[in-house]
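# Results of the structural survey
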Amino acid sequence: MREEMARREAAELLRGHRKPRSPHGWGLLVALWLLAFYEPVVTEGHLRRKNLEFIFIRFSAWEFAGCDKLWAGLVTTLCHHIRQHFGALPLSVFHVLGSRPRFASGFSQREWILKKGTCLRLWGLLLVLGVGIAILLVALLVPGIKDHHALKVVGSAVASLSGSSLVLGALSILKNFLVSEKKKIERLTDSDRFAGQLGFMSKIRGEVEVLVDFLAFMEVFERRRLRVVLEITSLDLCYPEKVAGVFNAMATLLSDANAPFIFLLAVDPSVIVPCLEQTGCMKGLADNGYLYLNRAVTLPFSIPEMGSRSRLRSVEAAIQTREDLMYRIIAGNVAKTRGGRGGGCGGAAASVVPSWKEADSEAVAWIHEAFRCLHDGSDVLSRYLPENGANVRRIVNTVPITLRLLLHRRGSAAALSPRAAAAWVVLADRWPCRLSWTLQCLQDSEHDVPAPGSSGKSLWSIFQEHVGELSALKQALGKVLSLDDDPELFRAFLARDFPFSAGEAREFLGVTVNLDHSIRHQMGLLRALARL
């Protein structure tokens, strides 16, 4: 994501657009001036901007597992990091004087409009304050008028009334500067009336809306799009009611269609699903945690089984945590530095860049071809697309990732096509239970002595051989079976239109990210128990 951010930034500068600015240093004064006296406008040029900045926020649920409301910890972490990223002063001034950007009328390119009402009120207060001070000075200093107490009272009253408005505004800014949004929410949660406070969620929602409006203002000021990326981890270590609370907080933050939030949820579904099913958030979903996750997650990414190179990298990362082994890494860095001085790395670096560009262009061509097959009404693959819009988005989001992973494994890319990869993604999305069962049976058969020509065996024949065993386990796998679509379509898909072989399934399994592998592991355990 950081590489994409840098690439887009460079592309925008090459197009001749103005350089982005930040609310630090001299930019802080400019931001405060615009906050006080100008209103931002979302123009057509702003909507066409492609450059963006990701604000990464790490949220470890385990750190807040001891508090009464885990979702309150998520909101306070969000408020704290945004305040820390932009600074306390701009956010405090926005609370008092800021306004949400409005859309431009027509094709106007003016991004800032003077707040005439604010300026008139300010000049009016300053004028009244000046008149009051002048009257007071005349009543105090001019001979012959010193004895007129009425003039002194009028002057002091006018000066104090006009000055008090300015002081109240300054005190409001100072209050928001000293008392952060995090402290406000913590104060609400610590209140004795927290359990029965009917307006509590509305206050939390109000604080979040202020943050969203502030981010929209900073988008126009910085001349780029802003996205807040919240990385949620360790959620599967918390109690069930706290897990449901975090999902509710995510739904609250994403309830606004224009909310600039992206959630990266790193969890183990086999742990999260029972937690969700024990709470009351499953009402109306047949107490099915898998169905709830499918509706909450828009881009699933189930990490495939670790390969040999990944294992070596994980071992290397574990070694780096050992202080007694760090000298090896330091020695290796010194050796690389000395080797770089010899000039031997320049040619290698020059040869890597073209190969990367070539692989990227090939991946783009494959993605376009796969999308063409999905969108082509004459192609039989388009008939198997789900009717639910959320599932279609999941398939569209997953196909590019699957194809890039497939091309990364060069041996697999030669035998498989973009259309076959797109069909495999559709198969995993529409029938996760039956496909997981077939793959588990295929994997179990590999543990035995493989029969000659087993790689050419079709997946449909493997499913038919073991469908009786799946029927015997339907009570234990009832909730997972409910994720599958029409069984007759599954038969037509594998038996007639896309007869994947066992060899092709092995190739695709290594790049399948939209299939929950915990389902297959659960099936393997049930099969092993049934054979005892």
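Residues numbered from 1 in each chain as written. Predicted model: local features only at pLDDT ≥ 70, side-chain atom pairs only at ≥ 80, totals over all residues. Heavy atoms only, no water.

The name given to the chain in an unreviewed UniProt entry is NKPD1 protein, with Alaudala cheleensis as the source organism.

## Considering the overall build of the chain
A count of helices and strands for the chain gives 24 helices and six strands. Across the 532 residues that make up the chain, the buried fraction comes to 39%. Long-range pairs, those at least 24 residues apart, make up 80% of the contacts in the chain between residues at least 6 apart in sequence. If you sum the accessible surface of the chain, you get close to 29,500 Å²; carbon and sulfur atoms cover 60% of it. (Helix = DSSP H or I, 4+ residues; strand = E, 2+ residues; numbered from the N terminus. Buried < 20%, exposed > 50% of the residue type's maximum accessible area, 1.4 Å probe, protein only. Contact = heavy atoms within 4.5 Å. Areas by Shrake-Rupley, 256 points an atom, 1.4 Å probe, with all protein chains shown as cover.)

## So, the nonpolar core
Ranked by size, the top nonpolar core spans 109 residues in total, and within it Phe261, Phe493 and Phe500 carry the most contacts. With ten residues, the top contributor of residues to this core is helix α9 (residues 200–222). When residues are assigned to domains, this core turns out to be shared by domain 1 (1–113 + 195–266) and domain 2 (359–531), each giving three or more. (Core = buried A, V, L, I, M, F, W, Y, C linked by side-chain atoms within 4.5 Å. Domains from an automatic or database assignment.)

## So, the confidence of the model for the chain
Looking at the chain as a whole, its pLDDT mean stands at 79, while 77% of the residues score no less than 70. Taken as a whole, residues 324–329 scores under 50 in pLDDT and shows three contacts with residues more than four places along the chain or in a different chain. Low confidence marks residues 342–354, where pLDDT is under 50. Its contacts with residues over four positions away, or in another chain, come to two contacts. (pLDDT = per-residue confidence, 0-100.)

## Section: the state of the cysteines
Taken as a whole, this structure holds zero disulfides when the rule is applied. As a non-bridged cysteine, cysteine 238 has cysteine 275 as the owner of its nearest cysteine sulfur, 8.8 Å distant. By relative accessible area, which is 8% here, cysteine 238 ends up buried. (Disulfide = S-S within 2.5 Å.)

## Quick look at the sheet that holds strand β6 (residues 261–265)
Across the sheet, which stays open at both edges, the three strands sit in the order β2-β5-β6 with parallel pairing between neighbours. At either end of the open sheet lies a strand with only one pairing partner, and these are β2 (52–60) and β6. Going from strand to strand, the sheet's axes swing by 20 degrees on average, the running direction of each strand aside. Bridging between strand β5 (residues 225–233) and β6 involves five bridges; their strand directions are parallel. When the sheet's bridge partners are listed, glutamate 231 is paired in β6 with leucine 264. Relative to the sheet, helix α10 (residues 240–253) contacts β5 and β6, its axis offset from that of β6 by approximately 155 degrees. (Pairing = 2+ DSSP bridges. Axes fitted to C-alpha atoms, helices over the stretch in contact; angles between N-to-C directions.)

## Some details on the environment of leucine 78
Along the chain, the position of leucine 78 falls in helix α4 (residues 70–86). Between the C-alpha atom of leucine 78 and that of phenylalanine 56, which follows or precedes it by 22 residues, the distance is 10.0 Å. Residue contacts for leucine 78: discarding those within four places in its chain leaves Ile57, Leu211, Val228, Leu230, Leu253 and Phe261.

## Description of the pattern of salt bridges
Enumeration over the complete set of coordinates arrives at 26 salt bridges. With a closest N to O distance of 3.3 Å, arginine 102 and glutamate 39 form a salt bridge. Taken together, the positions of arginine 102 in strand β3 (residues 102–103) and glutamate 39 in strand β1 (residues 38–42) put the pair 63 residues apart, joining distant regions of the chain. According to the relative accessible area criterion, glutamate 39 is partly exposed, its value standing at 22%. Where glutamate 469 meets arginine 527, a salt bridge forms, and the shortest distance between an N and an O atom there is 3.0 Å. (Salt bridge = Lys/Arg side-chain N within 4 Å of Asp/Glu carboxyl O.)

## As for the packing of helix α16 (residues 389–408) against helix α18 (residues 418–430)
As a packed pair, α16 and α18 sit with axes 9 Å apart at the nearest point and diverge in direction by 135 degrees. Taken together, the axes of α16 and α18 lie oblique to each other. When the axes of α16 and α18 are compared, the crossing they make is right-handed. For the pair α16 and α18, the contacting residues are Asn391, Arg394, Ile395, Thr398, Val399, Thr402, Leu403 and Leu406 in the first and Pro418, Ala421, Ala422, Val425, Val426 and Asp429 in the second. Across the contact of α16 with α18, the residue classes break down as nine nonpolar, three polar and two charged. (Parallel < 35°, antiparallel > 145°, perpendicular 65-115°, else oblique. Left-handed = near helix turned anticlockwise from the far one by under 90°. Nonpolar A, V, L, I, M, F, W, Y, C, P; charged D, E, K, R; others polar.)

## Observations concerning unusual backbone geometry
A positive phi angle is found at arginine 223, which is not glycine, with a value near 65 degrees. If you trace the backbone, arginine 223 turns up in the loop between α9 and β5. Overall, arginine 223 belongs to the buried group, its relative accessible area being 13%. At serine 234, a position not held by glycine, the phi torsion is positive, near 60 degrees. Mapped onto the fold, serine 234 is located in the loop between β5 and α10.

## Quick notes on the packing of aromatic side chains
Tallied over the entire structure, the rule returns 20 aromatic pairs. Relative to phenylalanine 508, the ring of tryptophan 424 has its centre 5.1 Å away and its plane inclined at 15 degrees; by these criteria the two rings are stacked. With tryptophan 424 in helix α18 and phenylalanine 508 in helix α23 (residues 502–509), the pair connects residues that are 84 residues apart, well separated along the chain. Each member of the pair, tryptophan 424 as well as phenylalanine 508, is classed as buried. Plain terms: the ring middles of tryptophan 431 and phenylalanine 493 are 5.6 Å apart, the flat faces sit at 50 degrees to each other, and that makes the pair tilted. Here the residue tryptophan 431 occupies a position in the loop between α18 and α19 (432–447), and phenylalanine 493 occupies one in helix α22 (residues 487–497), the gap between them amounting to 62 residues. Each member of the pair, tryptophan 431 as well as phenylalanine 493, carries the same accessibility label: buried. Grouped by ring-pair contacts, the aromatic residues Tyr384, Trp424, Trp431, Trp460, Phe463, Phe490, Phe493, Phe498, Phe500 and Phe508 constitute a single cluster. (Phe/Tyr/Trp six-rings, centres within 6.5 Å; stacked < 30°, edge-to-face > 60°.)

## Re a nonpolar patch on the surface
Judged by side-chain polarity, Leu89, Val167, Leu168, Leu171, Leu174, Phe177 and Leu178 come together as a nonpolar surface patch covering roughly 630 Å² of accessible area. The element that contributes the greatest number of residues to the nonpolar patch is helix α7 (residues 149–178), accounting for six residues. Among the secondary structure elements, leucine 89 is positioned in helix α5 (residues 88–97). (Patch = residues over 30% accessible without salt bridge, like charges linked within 9 Å, V, L, I, M, F, W, Y side chains within 5 Å.)

## Some words on the sheet that holds strand β4 (residues 112–114)
Overall, mixed pairing links the three strands, which are arranged β3-β1-β4 in an open sheet. The open sheet terminates on both sides in strands that have one partner only, identified here as β3 and β4. Running over the sheet, helix α2 (residues 26–37) touches β1 and β4 and is turned about 95 degrees from β1.

## A word on the environment of alanine 11
Examined against the element boundaries, alanine 11 turns out to sit in helix α1 (residues 2–14). According to the relative accessible area criterion, alanine 11 is partly exposed, its value standing at 23%. Separated by 39 residues in the primary sequence, alanine 11 and lysine 50 place their C-alpha atoms 8.5 Å from one another.

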